[in-house]
Amino acid sequence: MTDYRKTDEAVAALSPEQYRVTQENGTERPGTGALLHNKAPGIYVDIVSGEPLFASTDKYESGCGWPSFTRPIANVAELRDTSHGMIRTEVRSAHGDSHLGHVFDDGPRERGGLRYCINSASLRFVPRAEMEAQGYGAWLDEVRSPD
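What you are looking at is a predicted structure, and each value in this text was computed from that prediction instead of being measured.

> What is the right way to look at the environment of aspartate 3 in this model?
Its place among the elements puts aspartate 3 in the segment before α1 (8-12). Assessed through its relative accessible area of 54%, aspartate 3 is described here as exposed. The spacing of aspartate 3 and isoleucine 118 is 115 residues in sequence and 23 Å in space, taken between C-alpha atoms. Among the polar contacts listed, one links the side chain of aspartate 3 to the side chain of arginine 5, at a separation of 2.6 Å.

This is the structure:
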């Protein structure tokens, strides 16, 4: 079992935007995230801890301006968020405690009805072809092979 956790070194390596999003509960501007339009097969992991979070198989275009997923592939923490005069459910990585985004109940009904609206700045993409070499081989079944 890999030890996914936040380290001082990992936090120090974050860009200012990654730090603001993951450590200060920030939100990147809609439509600006580097992974928003990524359609390659692979998994998305926490930029801080490296823990697996989402698979490309579950990514879809929601039109909200942030990468959207129908489900996580591993445990994430979901917390009540009452900031900004709204009641929302915040999503954080279970081991790294990084702020990832929020989950809403307006996702595709045929895929469970959830929309995990996630900041690109909180994620690192691992292409399917590199998953085994980077220690994510156990998650290969979560990612459909390209057609």
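> Sorry if this is basic, but what is going on with the environment of glycine 26 here?
Tracing the backbone through its elements, the reader meets glycine 26 in the loop between α2 (16-24) and β1 (42-46). When the C-alpha atoms of glycine 26 and serine 122 are compared, they prove to be 9.9 Å apart, with 96 residues separating the residues in sequence. Sequence-distant contacts of glycine 26, defined by excluding residues within four places in its chain, comprise Arg20, Val21, His99 and Asn119.

> Just to check I follow, could you spell out the sheet that holds strand β3 (residues 59-60) for this structure?
Sheet strands pair by backbone hydrogen bonding; their relative direction is either parallel or antiparallel. Reading across the sheet, the six strands line up as β3-β4-β8-β7-β6-β5 and stay open at both edges, with antiparallel pairing between neighbours. Edge positions in the open sheet fall to β3 and β5 (76-81), since each of these has one partner strand only. Sheet topology note: the strand β4 (residues 68-69)/strand β8 (residues 115-118) ladder contains two bridges and is antiparallel. Considered in β8, the bridge of serine 68 is made with cysteine 117.

> What am I meant to see in the side chain of arginine 92 here?
Here arginine 92 is to be found in strand β6 (residues 88-93). Judged by its relative accessible area of 9%, arginine 92 falls in the buried class. One polar contact links arginine 92 to asparagine 25, side chain to side chain, over a distance of 2.7 Å. Polar contacts involving the side chain of arginine 92 include one to the main-chain carbonyl oxygen of aspartate 97, which spans 2.6 Å.

So, how was this worked out
- Residues numbered from 1 in each chain as written.
- Predicted model: local features only at pLDDT ≥ 70, side-chain atom pairs only at ≥ 80, totals over all residues.
- Heavy atoms only, no water.
- Helix = DSSP H or I, 4+ residues; strand = E, 2+ residues; numbered from the N terminus.
- Buried < 20%, exposed > 50% of the residue type's maximum accessible area, 1.4 Å probe, protein only.
- Polar contact = N/O pair within 3.5 Å; in protein donor to acceptor, adjacent residues only side chain to side chain.
- Contact = heavy atoms within 4.5 Å.
- Pairing = 2+ DSSP bridges.

Just geometry here; none of it tells us what the structure is for.
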